[in-house]
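Each chain, written out:
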Amino acid sequence: MVERWRKETHCFNFREGECTITLKDIAILTDLPIDGDVVCVDSTPPPKVVANMSGWQHFIWSVTGLCPPEKGDHDADGHPPLSKGQVSITWLTAEIRRKHNPEFGGIPLTEESSERDKEIYARIYILGMIGGVFFPKKSNNLISNSWLKIILGSWDDMGNLSWASACLAQLYRSLCNASARAVKEIDGAMFIVQFWAWEHLEWIAPKVDPDKDWGPDHPLRHEAYGCR
């Protein structure tokens, strides 16, 4: 698919003609919202407000309740928890699980847990979805700290952003960058390219059971189309 991509037109060039991934495709396959404000990240480092923490350390602590060390420790993939404006989602998820694991003296997350603990867990989960699913980088588990400024916002503010537009723009950029002759790796939401190809290119699409019943009682009936 990458070899068929033409960055001049943002289209796949086949013998039968040209076609491309549209905003409607993103919305149907992922169920991300189209309408809303532009997703705009701010990479400006926050000011230092605590003597023993850098600006980013204090900011991450205010969002997640966890303070990543800048030196010494490494996550399971060998990356430092905090480096060059990026935070390790592997480190964050490991720490939040340890925090709620009784084997490490933690308190399990339940319905009776505090709203603060539930909110932190939800924000880290969303951060993992952003940095690991819809906007992944070649580093695989390092996420730009800029996303934290959006994650720290209110739930309404996050929900009112046009995530589908941002995802499509990032996907176009990733395909354009990967189409260069010397490039051997690619980032971005490549699962969308796979789902889109299965839906539009019959010769590579998996076989679908024609008798499959997608009635109202099916567990995936109300999920994003890509889940099917």
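Owing to the predicted nature of the structure, the values given are computational and were not obtained by experimental measurement. (Residues numbered from 1 in each chain as written. Predicted model: local features only at pLDDT ≥ 70, side-chain atom pairs only at ≥ 80, totals over all residues. Heavy atoms only, no water.)

1. Describing the sheet that holds strand β2 (residues 11-14)
In space, the 3 strands of this open sheet follow the order β1-β2-β3, with antiparallel pairing throughout. In this open sheet, the two strands that pair with only one neighbour each are β1 (5-6) and β3 (17-19). Relative to β3, β2 runs antiparallel, the two being bridged by 3 bridges. The residue bridging N13 from the neighbouring strand is E18, located in β3. (Pairing = 2+ DSSP bridges. Helix = DSSP H or I, 4+ residues; strand = E, 2+ residues; numbered from the N terminus.)

2. Some details on helix α4 (residues 115-134)
For α4, spanning 20 residues, the distance from its first C-alpha to its last is 27 Å, which sits close to the expected 28 Å at 1.5 Å a residue. Within α4, the full set of buried residues consists of I120, R123, I124, L127, I130, G131 and F134. (Expected span 1.5 Å × (residues − 1). Buried < 20%, exposed > 50% of the residue type's maximum accessible area, 1.4 Å probe, protein only.)

3. Quick look at unusual backbone geometry
Of note in the backbone geometry, H10 takes a positive phi value of approximately 55° without being a glycine. Within the fold, H10 resides in the loop between β1 and β2. Note on H10: relative accessible area 30%, which makes it partly exposed. Despite not being glycine, D31 shows a phi value in the positive range, around 70°. Structurally, D31 is set in the loop between α1 (23-30) and α2 (55-64). Exposure remark for D31: the relative accessible area of 54% places this residue in the exposed category.

4. Considerations on the nonpolar core
In this structure, I21, W147 and W163 are the most contacted members of the largest nonpolar core, which totals 47 residues. Looking at this core, the elements that each hand over two or more residues are β2, α1, α2, α3 (89-99), α4, α5 (146-151), α7 (163-178) and α8 (190-200). The element contributing the most residues to this core is α7, with 9 residues. Setting aside chain neighbours within four positions, we find I21 in contact with F12, I26, L168, L171, Y172, I192, V193 and W196. (Core = buried A, V, L, I, M, F, W, Y, C linked by side-chain atoms within 4.5 Å. Contact = heavy atoms within 4.5 Å.)

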